[in-house]
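# Per-entry structural report
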Amino acid sequence: MINRLVIENLKHRRLRTVLSALSIGFQVTMILAVAGLSRGMLEDSRNRAKGVGADIWIKPPGASAISLTGASMPQSVLRYFREVPHVKLATGTAVQPIGGISTITGIDYGEFVAMSGPFRFLDGGPFQSDDDVIVDQYYAEQQKLKAGDTVTILNHQWRVCGVVEPGKLARLFVRLHRLQELTNSEGKLNQAFLKLDDPARAQEVIRYLKSQPELTGYSIYSIEEFLSMFSMSNVPGLQAFIYVIIGLSLIIGFLVVGLTMYTTVLERTREIGILKALGASPLDIVGILVRETVVLAVAGWITGILLSLGAHWAINTQVRANLQSEIVPDWWPIALAVSLIASLLGALYPGLRAARQDAIEALSYE
Amino acid sequence: MEPIIAVRDLRKIYHVGEVDVHALRGVSMEVPRGEFVSIVGPSGSGKSTLFHVIGALTSITSGQVIVDGQDLSELSDSERTRLRRQKVGFVFQRYNLLPTLTALGNIEIARYFGGKSGPLEKDFLEILRLLGIEHRLHHKPRALSGGEQQRVAIARALVNRPAILLADEPTGNLDSENSEAVLSLLRDLNHRFGQTILMITHNPEAAAFADRIIQMRDGRVVQPA
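Mapped onto the fold, Tyr112 of chain B is located in helix H3 (residues 103-113). Contact partners of Tyr112 of chain B, with chain neighbours within four places excluded, come to Met1 and Ile2 of chain A.

Residue and element names in this part refer to chain A. Running from amino to carboxyl end, helix H2 (residues 14-50) crosses helix H12 (residues 332-356) at an angle of 140 degrees, the nearest separation of the two axes being 10 Å. Note on packing geometry: the crossing formed by H2 with H12 is right-handed. In this structure, H2 contributes Ile24, Gln27, Val28, Ile31 and Leu32 to the contact, and H12 contributes Trp332, Ala335, Val338, Ser339, Ala342 and Ser343.

On to the nonpolar core. Residues Ile54 and Leu186 of chain B are the most contacted members of the largest nonpolar core, which totals 136 residues. Looking at which element gives the most residues to this core, the answer is H2 of chain A, with 8 residues. Beyond its immediate chain neighbours, meaning those up to four positions away, Ile54 of chain B contacts Ile5, Val7, Val65, Val67, Leu72, Val88, Ile164, Leu166 and Leu198 of chain B. Val133, Val163, Ala202 and Val205 of chain A belong to the second largest nonpolar core, which has 38 residues in total.

Moving on, we get to a nonpolar patch on the surface. Residues and elements named next belong to chain A. Residues Val244, Leu248, Ile251, Ile252, Phe254, Leu255, Ile341, Leu345, Leu348 and Leu352 make up a contiguous nonpolar surface patch of roughly 890 Å² in combined accessible area. Those elements that provide at least two residues to the nonpolar patch are helix H9 (238-267) and H12. It is H9 that contributes the most residues to the nonpolar patch, 6 residues altogether. Mapped onto the elements of the fold, Ile252 is located in helix H9. Taking the relative accessible area as the measure of exposure, Ile252 reaches 34% and is therefore partly exposed.

Further remarks concern the interface of chain A and chain B. Opposite the 23 residues of chain A that make contact, chain B presents 24 residues. Of the roughly 2300 Å² buried where chain A meets chain B, counting both sides, 65% is carbon and sulfur surface. The largest per-residue losses of area from chain A upon contact with chain B belong to Met1, Leu278 and Ile360 of chain A, which jointly make up 27% of the total buried on that side. Joining chain A to chain B, the criterion identifies 3 salt bridges. Among the salt bridges present, the one from Arg85 of chain B reaches Asp284 of chain A, with a minimum N-O distance of 2.6 Å. Applying the counting rule to chain A against chain B returns 7 residue pairs in polar contact (both at pLDDT 80 or more). Looking at side-chain class alone, the side of chain A that touches chain B contains 12 nonpolar, 4 polar and 7 charged residues.

Before going further, it helps to spend a moment on helix H10 (residues 269-277) of chain A. All names here are of chain A. In terms of burial, H10 is a largely internal element, 9 of the 9 residues being buried. Taken residue by residue, H10 has Thr269, Arg270, Glu271, Ile272, Gly273, Ile274, Leu275, Lys276 and Ala277 as its buried positions. Once H10 finishes, Gly279 follows within two positions and takes phi at roughly 110 degrees, a positive value.

This paragraph deals with the packing of aromatic side chains. Residue and element names in this part refer to chain A. In this structure the tally under the stated criterion is 15 aromatic pairs over all chains. A centroid spacing of 5.7 Å and a plane angle of 35 degrees characterise the contact between Tyr109 and Phe119, whose relative ring orientation is tilted. Residue Tyr109 is located in helix H4 (residues 109-116), and its partner Phe119 is located in the loop between H4 and strand E5 (121-124); the two are separated by 10 residues in the primary sequence. Judged by its relative accessible area of 22%, Tyr109 falls in the partly exposed class.

Residues and elements named next belong to chain A. Relative to the helices and strands, Asp108 resides in the loop between strand E4 (102-107) and H4. Its relative accessible area of 31% is what places Asp108 among the partly exposed residues. Linking Asp108 and Leu296, residues 188 residues apart in sequence, is a C-alpha distance of 57 Å. Ignoring anything within four residues of it in the chain, the contact list for Asp108 reads Thr91 and Leu176. A distance of 3.1 Å separates a polar side-chain atom of Asp108 from the backbone nitrogen of Glu111.

Take the sheet that holds strand E4 (residues 62-67) of chain B next. Residue and element names in this part refer to chain B. What the 4 strands build is an open sheet, ordered E2-E1-E4-E5; its pairing is antiparallel. Where the open sheet ends on each side, the last strands, each with one partner, are strand E2 (19-31) and strand E5 (70-71). Here E4 runs beside E5; their pairing, made up of 2 bridges, is antiparallel. Paired with Ile66 across the strands is Asp71, a residue of E5.

A few words on the packing of helix H1 (residues 2-12) of chain A against H3 of chain B. Contact geometry of H1 of chain A with H3 of chain B gives a least axis separation of 10 Å together with a crossing angle of 135 degrees. The orientation of H1 of chain A relative to H3 of chain B falls into the category oblique. Here H1 of chain A runs over H3 of chain B; the crossing is left-handed. Residues Ile2, Arg4 and Leu5 of chain A of H1 of chain A lie in contact with H3 of chain B, whose contacting residues are Gly105, Glu108, Ile109, Tyr112 and Phe113 of chain B. For the contact of H1 of chain A with H3 of chain B, a count of residues per class yields 5 nonpolar, 1 polar and 2 charged.

So, on to the environment of Asn190 of chain A. Residue and element names in this part refer to chain A. Turning to its location among the elements, Asn190 is positioned in the loop between strand E10 (188-189) and strand E11 (191-196). Looking at Asn190, the relative accessible area reads 11%, which means it is buried. Separated by 37 residues in the primary sequence, Asn190 and Leu227 place their C-alpha atoms 18 Å from one another. Polar side-chain contacts of Asn190 include one of 2.5 Å to the backbone nitrogen of Val95.

What follows deals with a negative patch on the surface. Residues and elements named next belong to chain B. A cluster of like negative charges, contributed by Asp175, Glu177, Glu180 and Glu205, occupies part of the molecular surface. On the secondary structure map, Glu180 appears in helix H6 (residues 176-193). Look at Glu180 and you get partly exposed, because its relative accessible area is 49%.

Procedures and definitions
Residues numbered from 1 in each chain as written. Chains lettered and ligands numbered in written order. Predicted model: local features only at pLDDT ≥ 70, side-chain atom pairs only at ≥ 80, totals over all residues. Heavy atoms only, no water. Helix = DSSP H or I, 4+ residues; strand = E, 2+ residues; numbered from the N terminus. Contact = heavy atoms within 4.5 Å. Axes fitted to C-alpha atoms, helices over the stretch in contact; angles between N-to-C directions. Left-handed = near helix turned anticlockwise from the far one by under 90°. Core = buried A, V, L, I, M, F, W, Y, C linked by side-chain atoms within 4.5 Å. Buried < 20%, exposed > 50% of the residue type's maximum accessible area, 1.4 Å probe, protein only. Patch = residues over 30% accessible without salt bridge, like charges linked within 9 Å, V, L, I, M, F, W, Y side chains within 5 Å. Areas by Shrake-Rupley, 256 points an atom, 1.4 Å probe, with all protein chains shown as cover. Salt bridge = Lys/Arg side-chain N within 4 Å of Asp/Glu carboxyl O. Buried area = accessible area lost by both parts, 1.4 Å probe. Polar contact = N/O pair within 3.5 Å; in protein donor to acceptor, adjacent residues only side chain to side chain. Nonpolar A, V, L, I, M, F, W, Y, C, P; charged D, E, K, R; others polar. Phe/Tyr/Trp six-rings, centres within 6.5 Å; stacked < 30°, edge-to-face > 60°. Pairing = 2+ DSSP bridges. Parallel < 35°, antiparallel > 145°, perpendicular 65-115°, else oblique. Lys, Arg positive; Asp, Glu negative; His and termini not counted. Charge placed at Lys NZ, Arg CZ, Asp CG, Glu CD.

All quantities given are derived from atomic positions and should not be read as evidence of function.
The following block contains the structure:
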C-alpha cells in the first residue's frame, strides 16, 4: 500500500520527478563517462603500444613512462642499442603534440615495419615523399580523409598517402627526419624500441642495459612492464580527478534531492497531517519519503546508465581518433551507491522535518 | 455502562510565543457507547481543541480523558499514534483525502495503518453501500463531488471499525442537499451499527441530527443537553 502511495506521489508531480531523475542521471553519467573515458583511452593506448611489436621500450631520462612526449634522446643511441647482445632490431620515434591530446609520430618506415609488421592499408599505400602522412582509420573517419587528400598539421601541408588499420603506436605517421626538421629536433628521439632474438631474454637484456653507465637515468621496460602501466592508478592525477568527479556528483545529488524533497514536504504538509491523523507514525512518514528518494535515485541511476551508453556511442563514433570510451559495468554499482548516498543525505533534513511536523498544524496548512 | 469517552476537568494551554492561550478551562463530559453527540459553540470556544485532544492528536495539559478505557494523559506519542490507528476515525470539514490515491486507495491506506490487509470485510461493504460510493471507488478525489468526497472520508474513518468517529464540521463545505445527505448517513451509521459519533458544528440544524448537543463557550462546557 505504501509503495502504491509512493508511486502515485511520484506520478502526481511527473515533471518534477522526471527532472529529479534526470539530474541524478546526469551525475551518474558524469561518473560513468569519466571512468569509461579513462579506461577506454588507457586501453587504446595500451593496444597501440602493444602493436609496436617491441620487446623492450626505452624512454630518455626525465620522461614520464606513459606520457605522449617529453624529454629526448640522441638518435645515435640506436647504433649503441643494435650492438647490445640479443638485440635484433632497434628503432626510435619522435612524437610531437598537434593540439589537445593528439600527436603526430615520426617513424623510420622500414625499421618500424620490420619491427611491428607491415601496415594494413585500407586505402593508398606507404610514403611516397617527405610530405606524406599515413593516418589510421579512426582519424580518417573523424576528419573525413582519404588517400590523396591534403591536411594541414603543424602549419604544414601533408598529403595523405595511406589510411591504415588502427592499433600501431600512433594515429598519424610521417617520416622521422621530416618531423625532426619541422620541429627543430634533428637527431633526437622521444622513445626507442628494441626487438630481441628471444623475447624470453628481455629481463636479461634490461639488466645489462641498466648496468651501463651511459644509460643512467634512462627508463627501460619490458613490454609487459610497460603495458601494465596503462592503469588508472598509474596516470598522475587521474584517480584524484575521478574522486573529485564522484565528490561533485555527491554534492549535486544531495542538492537536487534535498531541494526536491524539501519542496515535496512543504507542498505535502497537509497530506502529512492526514497521514498522521490516520495513524502514521513519524517513522512511517520518513519511510514514505525514503522510498520516494530510493525510487528517484534508482530511476536516476538507470537514466544515467542509458545516458552514459549514449555518450559512449557518440564518443566512439564521432571523435574516436581523440577520445575512446569503454562501457564500465563494474562502475555501475559505484554510481548506484553514489546516487543513493547523495539522495538519502539530501532527503534527511526534509524527512526529519516531515516526521516532526505537528499533525494539527499540518492539517490546518493552506 | 462505562462511557466510551470520559473527560474530567480537562485543561489545555497552548504556548503561542510568550503568551499562554487557555484553550480548554476545565471541561468535563461523558459520552456513552453508541451515542451521537454534537458539540456546538462559536469560534474560539475550544470545540476544535477538544476534538484534537479526544482524537489523540495533541497532548493534554491537565485533567483526564479516557477513550474506550485508555487514559490519554498517560500515553506517549507512539501510544497516541496507535490509539488513532485503532480507536479513532476522523472526518474533516475539507474532506482531507490524499489527492494522489483513488477513493479505494484512501480507504486502504487507513486500513493499512490500522494493521489490516486482504479483502474488505462484509460489514464494511455494507457501509460502502449505505454511503452509496461503491461505484466511485476507483476515482481520484478530483473526480468526485464534495458530497462524494465526504462520503469517502466517512468510509475511510470507519474502515478500521473505530470506537469513536470524530467529525469536525463535516458539512461545512457542502451545499444544503449534500449536507443533509451526509448528516442522514451519520445518523444511519449511528442507528444501524451503533457507531459512537462526536460531531463538531456551529450549524444548529446540523447539530439537531445528534442525540444530544453539548454547547461550549470560552473553553468550557456551558450547556450539556
